[in-house]
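Overview (structure and organization)
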Amino acid sequence: MAPLTLTSTPLTTPSGTEIDALTMLYPPLVVFAAALLVLVLPRIVGFAVGALSLASVVAVALFAPDGVLLSGTFLAFEVQPFFLDDFSRLVALGLGFLGTFAVIYAYSSDASRVMTAFALAYVSSAIGAAFAGDWLTLVFMWELMAITSTLLVWHYGGDAVRAGYRYAIAHGIGGSLVLFAVTAHYAVEGTFLYGEPASISTGAGGIPLLLAVLGIGVNVAFVGFHTWIPDTYPRPHFAASVFLAAFTTKTSALILYRAVPEGGNTYLAYMGGLMAVYGVCFALLQHDMRALLSYHIQAQLGYMVAGIGIGTTIGVAGAMGHLFNNILYKSLLFMAVGIIIYRTGENDLYKLGGLWREMPITAIAFAIGALSITAVPGFSGFVSKGMVLDAASGYFGGPEHRALYWLLFIGAIGTFLSFIKLGYYAFLHGPADYEVKDAKSGQTVAMLSVGGACLVLGLPAIGWPVFTDLLPLIDGSGFAGPEGPETLDPYSTGHLMDAAILLAVSVVGFKIIRKPLSKLDLPDPAFALNPATFYVGRGSMLAVTETYRAVDAAAVGFVRRCYWVGNNPTIAVDRAARRLPDRFVRVEERHPANGGHPSRIHLRASIGLTILLVTVLLTIVVWLLV
C-alpha cells in the first residue's frame, strides 16, 4: 500500500505572513486528536483544546487555497482526503464556527468529558466527509460519522439507548446504499475521484445515482426516511442535541449536491417541497420542544433539497446558503431550548410559560434563532430562503416550478406558526411557574456568538453582501443567470412584501388555530416503519435461519441414509421393493434366521417395462452426475 502524499501550497494572508502550516493541517485529524485529549486532560483544559481545534477548522476554511491539499493511494486506489472548493469551504466554515461554541456550551452545561470526546469524534468525521475529494474517503467518513453519532446518543443511557439502536439501523441502511452506489460508480467510471462535476455516474441504467440518492436521502430525511430525527434528537443530553442538529444532516446535504448531476432533478426538487410541508405540519403538533425542533430540521432540509433539485445557479447557491444558516440558527434554537430543560427539568412546552421574565438572555437568544429560521428581514435566513423561493418561482429567468413554490411557501407559513407557538408557550403565555436562573456565562457566550452571526449576516446593505460573497457560484451580489448576469436584491420591495404577507398570515393563523392545535395529538404515520422494520427484519431472519435449518437437516439426512444403504444394501433393496406396487414385484415375508430362509423378491414387470424403468433410472443418474 502506497503511503498518502501531502501537497502544500504557500499562502499569504492580507498582512503578508506566509502560513503554509494551514495547508499542512488535516482538520479532521486535528479535531480527532482533540477528542482523545479531552479524555485525559483536566476538564477545562480539554474543552479548551477541543474548542481551539474547531477554531483551526475555521482558519483553514477561510485562508487555505482551493484544490487538492492531501492525496495519495489506499489499497491501490487513488484518494484525495483533503479537497477544498467553494462548497466544502462554506460547510467547513459553518461547522467549525458552530462547533467551537458548541464545545463552550457543552462545558458550561455540565457535559461529561466522555460525551464531549464522542461529540468531537463525530464532528471530526463530519468535517472529513465535507473535505473528501473522492467517494472512497467519503464512504469511510460517512460510516465513521454514523458510528460516532450513535455512540454520542448511547452515552446518555435510558430511552436514548433504544432510540440509538433505531438510529444506527437507519444509518446502516443508508450507508450500505451509498456504498453500493459508490461501488457501482467505480464499475462504470473506473475511479473514485470526484469529477467535474463530482456527480455519481448515471451509467448502468442510472442504478448508481438512484442508490446514492436513496442512501443520502436517509441522512437528509426524505419523507418516510425521516423518523430517526424526531425519534433520536430529543433523547440524549441537551448539549449532545446541539451537535447532532448541525452535523449529519448538513454534511449530507452537501454530499447530495455532489452526487446529483448538473441541472438538478425535478423529482428531487418536489421531494424537498414535500419535506418542507410534512416537517412543519408535524412540528406544529409536538409538545416536546426538542421534537418540534427536530421536525423543523426536516422542513429546513426541504429547502436545501429543493434548491439542489432545481439545479439553477440561484437554486444551488440558495441551498448552500440555507445549509450554512441552518447550522447556526438551528443549533442556536437547540441551545436555548436546552437551557430551558436544564433549568426547569421540563420538556413539554405546554407546562411552561412566562419564562422571559426569569430567563431574558435565553429569551433573546431564542428570538434571534426564531426570527432567523422564519426568514424575517434583517436575519440571515431571510436571504437564503428567499433565494430558494426565487429559484422555484423563476424570478431570475430560470424554469418556473409553480407548485413547488407554493409547497415551499406553505412550509414557510408553517415555520412561522411553529415558532410563534414555541415562543408563546415557553416565554409569553401566563406567569412563570418556575423561579429559575438564566443561562450560565459559557452558555450565554455560545448563544450570543452564534446569534450575533445570524443577525450580522442578514443586515441590509451591510451583512448580507458578506454572506453572499461566501456562497459558491455567487460573486458578491452578482451571478450568471440563464439569460445573462444577474444581481441579487433580497431587500427589494417584492421580497419585503412577501415577508410581510407571511408574517401577517402566520400571526392571524396562530390566533385562529391556537386552541384547537393544543388539543391535537396525532402521531406521525411514518413511525409505523419502526415496528414494520422490526417484524420484517425478524421475519426475514427467521425465514433465512429456518430455511438453512431445513436444508441442513435434509442434507444430513440424505448423507446418513446413503451411508446406511452402503452398509446394508440387501436390507435397503428389500425395503425399497416393499414400497413398489405388487404388479411390479412380490416380496416374500422374511422368516427368522433360525434355520429359515431370507425374503425373496420376484420381479413381475414385463421385459419392456423393466427396460423402461432401468433406462429412466440410468438417465436420472447420468443427469445428476453431469
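Just so you know, the residues in each chain are numbered from 1, in the order the chain's sequence is written. This being a predicted model, a pLDDT of at least 70 is required before a residue's local features are given, and a value of 80 or more before pairs of side-chain atoms are given or counted; all residues contribute to the totals for chains, interfaces and linings. Values shown for side chains rest on all heavy atoms present in the structure; no hydrogens or waters enter the calculation.

Regarding the overall build of the chain
The numbering of helices and of strands both runs from the N terminus, where a helix is a DSSP run of H or I of at least 4 residues and a strand a run of E of at least 2. Counting secondary structure elements, the chain contains 24 helices and 7 strands. Our radius of gyration looks at C-alpha atoms and nothing else; its globule reference is 2.2 Å times the residue count to the power 0.38. Against the compact-globule benchmark of 25 Å for 626 residues, the chain has a radius of gyration of 32 Å, which places it well outside the compact range. Dimensions of the chain along its principal axes, counting C-alpha atoms only, are 115 × 60 × 55 Å. A burial count over the chain gives 52% of its 626 residues as buried. Long-range contacts, defined as pairs at least 24 residues apart, comprise 76% of the intrachain contacts of the chain with a sequence gap of at least 6. Using a 1.4 Å probe, the Shrake-Rupley method yields the accessible areas, and only the shown protein chains count as cover for residues. When the accessible surface of the chain is totalled, it reaches about 27,300 Å², and 68% of it is carbon and sulfur. Exposure is judged per residue with a 1.4 Å probe applied to protein chains only, and the accessible area is read against the type maximum: over 50% gives exposed, under 20% gives buried, and values in between give partly exposed. It only takes one pair of heavy atoms within 4.5 Å for two residues to be counted as in contact.

Focus: the pattern of salt bridges
Here, a salt bridge means any Lys or Arg side-chain nitrogen found within 4 Å of an Asp or Glu carboxyl oxygen. By the definition in use, this model includes 7 salt bridges. Arg402 is the partner of Glu400 in a salt bridge, and the nearest nitrogen-oxygen pair spans 2.8 Å. Judged by relative accessible area, which is 38%, Arg402 ranks as partly exposed. Sharing partners across several salt bridges, the network here consists of Arg166, Asp231 and Arg235.

Focus: the packing of aromatic side chains
In this scheme Phe, Tyr and Trp rings, the latter by its six-membered ring, pair at centre separations within 6.5 Å, and the angle between planes marks the pair as stacked below 30 degrees, edge-to-face above 60, and tilted otherwise. This structure, assessed with the given rule, holds 31 aromatic pairs. With 6.3 Å between their ring centres and 85 degrees between their planes, Phe83 and Tyr194 make a pair best called edge-to-face. Pair noted here: Phe83 is in strand 3 (residues 77-84) and Tyr194 is in the loop between helix 7 (159-189) and helix 8 (207-219), with a separation of 111 residues, a long-range link. Of the two residues, Phe83 and Tyr194, both sit in the buried class.

Here we look at the pairing of strand 2 (residues 67-74)
Along a regular strand, successive side chains alternate from one face of the sheet to the other. Here strand 2 runs beside strand 3; their pairing, made up of 6 bridges, is antiparallel. Paired with Gly72 across the strands is Val79, a residue of strand 3. DSSP calls a pair of strands paired once it identifies at least 2 bridges connecting them. In this antiparallel pair of consecutive strands, strand 2 and strand 3, the connection spans 2 residues, and Leu75 shows a positive phi of 55 degrees.

Topic: the packing of helix 14 (residues 313-344) against helix 16 (residues 360-373)
Each axis is a line fitted through C-alpha atoms, and for a helix only the stretch in contact is used; angles between axes span 0 to 180 degrees, taken between their N-to-C directions. Relative orientation of the contacting elements helix 14 and helix 16 amounts to 150 degrees, with a least axis distance of 9 Å. When the interaxial angle is binned, helix 14 and helix 16 end up roughly antiparallel. Considering the relative orientation of helix 14 and helix 16, their crossing is left-handed. Across the interface between the two elements, Tyr329, Lys330, Leu332, Leu333, Ala336, Ile339 and Ile340 from helix 14 touch Thr362, Ala365, Phe366, Ile368, Gly369, Ala370, Ser372 and Ile373 from helix 16. For the contact of helix 14 with helix 16, the residue count by class is 11 nonpolar, 3 polar and 1 charged. The cut-offs work like this: below 35 degrees is roughly parallel, past 145 is roughly antiparallel, 65 to 115 is roughly perpendicular, and the gaps in between are oblique. What makes a crossing left-handed is the near helix being turned counterclockwise from the far one by less than a right angle; a clockwise turn instead makes it right-handed. Note on residue categories: nonpolar means Ala, Val, Leu, Ile, Met, Phe, Trp, Tyr, Cys or Pro, charged means Asp, Glu, Lys or Arg, and polar means any other residue, Gly included.

Comments concerning the confidence of the model for the chain
Averaged over all residues, the pLDDT of the chain equals 88, while 91% of them reach at least 70. As a per-residue measure, pLDDT reflects the predictor's confidence and takes values from 0 up to 100. Overall, residues 1-19 carries pLDDT values under 50, and its contacts beyond four positions in sequence, including any with other chains, amount to 44 contacts.

Brief notes about the side chain of Thr148
Within the secondary structure, Thr148 is located in helix 6 (residues 135-154). Residue classification places Thr148 among the buried residues on the basis of a relative accessible area of 8%. One polar contact links the side chain of Thr148 to the main-chain carbonyl oxygen of Leu144, over a distance of 2.8 Å. Beyond its immediate chain neighbours, meaning those up to four positions away, Thr148 contacts Phe118, Ala121, Tyr122 and Ser125. Here a polar contact means two N or O atoms within 3.5 Å. Within protein one must be a hydrogen donor candidate and the other an acceptor candidate, and residues neighboring in sequence count only if both atoms are side-chain atoms.

Here's the deal with a positive patch on the surface
Note on patches: the residues involved have over 30% relative accessible area and no salt bridge, like charges join within 9 Å, and the nonpolar side chains Val, Leu, Ile, Met, Phe, Trp and Tyr join within 5 Å. For this count, His and the chain ends are skipped, Lys and Arg are scored as positive, and Asp and Glu as negative. To locate a charge, the coordinates of NZ of Lys, CZ of Arg, CG of Asp or CD of Glu are taken. Among the surface-exposed residues, Arg560, Arg561, Arg575 and Arg579 lie close enough to one another that they form a single positively charged patch. In this structure, Arg561 sits in helix 22 (residues 529-567).

Observations concerning a nonpolar patch on the surface
On the surface, Phe32, Leu36, Leu37, Leu39, Val40 and Val114 cluster together to form a nonpolar patch covering roughly 500 Å² of accessible area. Among the elements that make up the nonpolar patch, the one with the highest residue count is helix 2 (residues 27-40) (5 residues). Assignment of secondary structure puts Phe32 in helix 2.

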